[in-house]
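Inside the fold
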Amino acid sequence: MTTRILHRLLKLIKTNKKFLIVSHISPESDAIGSSIALALGLKKMGKSVYVLNRDPVPDILKFLPSAKIVTRKIPSGKFDVMFIVDCPNMERTGLKNLRAKITVTIDHHLLLSQVIPKQSLNLIDPKASATGELVYKLLHSLHVTIDKAIATNLYTAILTDTGGFRYSNTTPESLKIASRLVAAGADPWEITKEVYENFSFNRLRLVSLCLPTIEKKGKITSITVTRDMFKKTKTSIEDTESIVDFPRQIKGSEVALLFREDRKNLYKISLRSKGKVNVAKIAKTFGGGGHANAAGCKLTGSLTEVKGKIFKAVKSAIKN
Ligand code: 5GP
Ligand code: MN
């Protein structure tokens, strides 16, 4: 995070009153936790804040303090500042026609070739483990006291984006911030129980149905979830979180894939790399994006066609 941008941002926040915070579609912990923490921090400064998402807060994240401030109702008025958090552009928010004098992007995704709009201010740091890390730094610079509610939201964001402090984005910085958040009241075991030890019985039934689809072709592993499986187990796409970890766990897997059937002939693909292949680049060629080691995209076609295209692209990326 450059000091110059941070200074401009601090001034912008101090001199404005009405804030809007938006994040990406199908939000997960970093999107929701960062949105709420930023909102709570701004409220502490006496600001008026509106937190908006196109999609609902997933059930598993409803334990987050102040989760209820995230609304799906499109506001009518004009805002001074709109924050786009945990995603690089408006397109990923699935929202339109929002009015603000200036847009601020706070994100840690790889931008690749994307053009950033000129009228906006961008706090983008792909080295940050989570957007929550950037929000922490921002609130800290604003001298906002990090209370238990803010700490819980930010700790959850960093915990999940680092896969429980296991992935390669786990750095001295992310651990230092996590330590400060725990000192400020975030309870690691309480949060772990909510996030990792709280799956529905039906989700495990879904896992049992999709495990037999696991495949390994050279260094590529994959798993598939179909609409039929959702129907049989009364589950939804929310229940597929972390299912891609199963093929990734396989010895010799360099890239792991999850093919998720969202509609007839529409598949969401989650790509995970063990470190040698930049999967954000692959996802980008299919109109998606993400991080070097975790990315996603959507493709139309039959499962065979979609798998064929993705396997081919991954195979060639591994070769190079
Ligand atoms: P997941 O596979 O868990 O949905 O997403 C992995 C990472 O890739 C996340 O950081 C997510 O925001 C990003 N991602 C997933 N799908 C898309 C997509 O369609 N477009 C972009 N730009 N990023 C995506
Ligand atoms: Mn994130």
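Residues numbered from 1 in each chain as written. Chains lettered and ligands numbered in written order. Predicted model: local features only at pLDDT ≥ 70, side-chain atom pairs only at ≥ 80, totals over all residues. Heavy atoms only, no water.

**A closer look at the coordination of the manganese ion (ligand 2)**
For the manganese ion (ligand 2), the full set of protein donor atoms is D30 (OD), D86 (OD), H108 (NE2) and D161 (OD), and the range of their distances to it is 2.1 to 2.3 Å. Taken in chain order, the donor set of the manganese ion (ligand 2) reads D-x55-D-x21-H-x52-D. Placement of the pair is D86 in the loop between strand 4 (78–85) and strand 5 (99–107) and D161 in helix 4 (residues 148–161), with a sequence separation of 75 residues. Judged by relative accessible area, which is 1%, D86 ranks as buried. (Donors = N, O, S within 2.8 Å, 3.2 Å for Na, K, Ca; no water. Helix = DSSP H or I, 4+ residues; strand = E, 2+ residues; numbered from the N terminus. Buried < 20%, exposed > 50% of the residue type's maximum accessible area, 1.4 Å probe, protein only.)

**Remarks on the site of ligand 1**
With respect to spatial proximity, 13 residues lie near ligand 1, and among them R92, H109, K268, S270 and R272 are the closest. Side-chain polar atom of H291 to an oxygen atom of ligand 1: 3.2 Å apart, as the coordinates give it. In this structure, an oxygen atom belonging to ligand 1 sits 3.5 Å away from a main-chain N or O atom of G296. Starting from 490 Å² of accessible surface for ligand 1 in isolation, the protein chains cover 78%. Elements with a contribution of two residues or more to the shell around ligand 1: strand 10 (266–273), strand 11 (289–290) and strand 12 (294–300). When residues of the shell around ligand 1 are assigned to their parent elements, the largest contribution, 4 residues, is made by strand 12. A per-class count over the shell around ligand 1 returns 3 nonpolar, 7 polar and 3 charged. (Near = heavy atom within 4 Å. Polar contact = N/O pair within 3.5 Å; in protein donor to acceptor, adjacent residues only side chain to side chain. Areas by Shrake-Rupley, 256 points an atom, 1.4 Å probe, with all protein chains shown as cover. Nonpolar A, V, L, I, M, F, W, Y, C, P; charged D, E, K, R; others polar.)

**Topic: the side chain of T233**
Mapped onto the secondary structure, T233 falls in helix 8 (residues 227–233). Ignoring sequence-local partners within four residues, the contact set of T233 consists of N202, R205, L206 and L209. (Contact = heavy atoms within 4.5 Å.)

**Some words on unusual backbone geometry**
Most of the time, phi is negative for any residue but glycine, and the peptide bond is trans. One non-glycine residue, H143, lies in positive phi territory at about 60°. For H143, the position within the fold is in the loop between helix 3 (131–141) and helix 4. For H143, a relative accessible area of 70% gives the class exposed. Even without being a glycine, N265 presents a positive backbone phi close to 60°.

**Things to note about helix 11 (residues 303–319)**
If you check helix 11, its first and last C-alpha atoms are 24 Å apart, about what 17 residues at 1.5 Å a residue would give, namely 24 Å. Within helix 11 the residues assigned to the buried category are V306, K307, I310, F311, A313 and V314. The buried residues of helix 11 occupy one face: seen down the axis, they fall within an arc of 165°. For helix 11, exposure combined with an orientation more than 90 degrees from the buried face picks out T304, K312, K315 and K319. On the buried face of helix 11, the contacting elements are strand 7 (215–217), strand 8 (220–225), strand 9 (255–263), strand 10, helix 10 (279–285) and strand 12. (Expected span 1.5 Å × (residues − 1). Arc of directions from axis to C-beta.)

**Topic: the pairing of strand 8**
Among the 6 residues in strand 8, 6 count as buried, and that is most of the element. Taking every second residue as pointing to the same face, both faces of strand 8 are buried, with I220, S222 and T224 on one and T221, I223 and V225 on the other. Following strand 7, the chain reverses through 2 residues before pairing antiparallel with strand 8; G218 in that reversal takes a positive phi of roughly 65°. Pairing geometry for strand 8 and strand 9, over 6 bridges, is parallel. In the strand pairing of strand 9, S222 is matched with L257. (Pairing = 2+ DSSP bridges.)

**Side note on the sheet that holds strand 2 (residues 48–52)**
Strand order in the open sheet formed by 6 strands is 3-2-1-4-5-6, with parallel pairing between adjacent strands. Sheet topology places strand 3 (70–71) and strand 6 (121–124) at the edges, where each strand pairs with a single neighbour. Direction of pairing for strand 1 (residues 18–23) relative to strand 4: parallel, over a ladder of 5 bridges. By the bridge assignment, I21 is partnered in strand 4 with F83. Each of strand 1, strand 2, strand 3, strand 4 and strand 5 touches helix 2 (residues 29–44); the most contacted strand, strand 1, lies at about 170° to it. Taken strand by strand, helix 3 contacts strand 4, strand 5 and strand 6, and its axis lies near 115° from that of strand 5. (Axes fitted to C-alpha atoms, helices over the stretch in contact; angles between N-to-C directions.)

**A short note on helix 4**
Helix length check: helix 4, at 14 residues, gives a terminal C-alpha distance of 20 Å against a target of 20 Å (1.5 Å per residue), a fit within 8%. Most of helix 4 sits inside the fold, with 12 of its 14 residues counted as buried. Among all positions of helix 4, only I150, A151, T152, N153, L154, Y155, T156, A157, I158, L159, T160 and D161 are buried. Close packing links the buried residues of helix 4 with helix 2, helix 3, helix 5 (172–183) and helix 6 (188–196). With a side-chain oxygen lying 3.2 Å from the backbone nitrogen of A149, the N-terminal cap of helix 4 falls on D147. A positive phi of about 60° marks G163, the residue just after helix 4.

**Side note on the nonpolar core**
If you look at the biggest cluster of nonpolar residues, it comprises 52 residues, and the most contacted ones within it are L9, I21, L38, F83, I106, L138 and L181. Examining the composition of this core, we find that 7 residues originate from one element, helix 2, more than from any other. Not counting residues up to four positions away in its chain, the partners in contact with I21 are S35, L38, A39, L42, V49, Y50, V51, L52, F83 and V85. With 20 residues, the next largest nonpolar core counts L271, I282, L299 and F311 among its residues. (Core = buried A, V, L, I, M, F, W, Y, C linked by side-chain atoms within 4.5 Å.)

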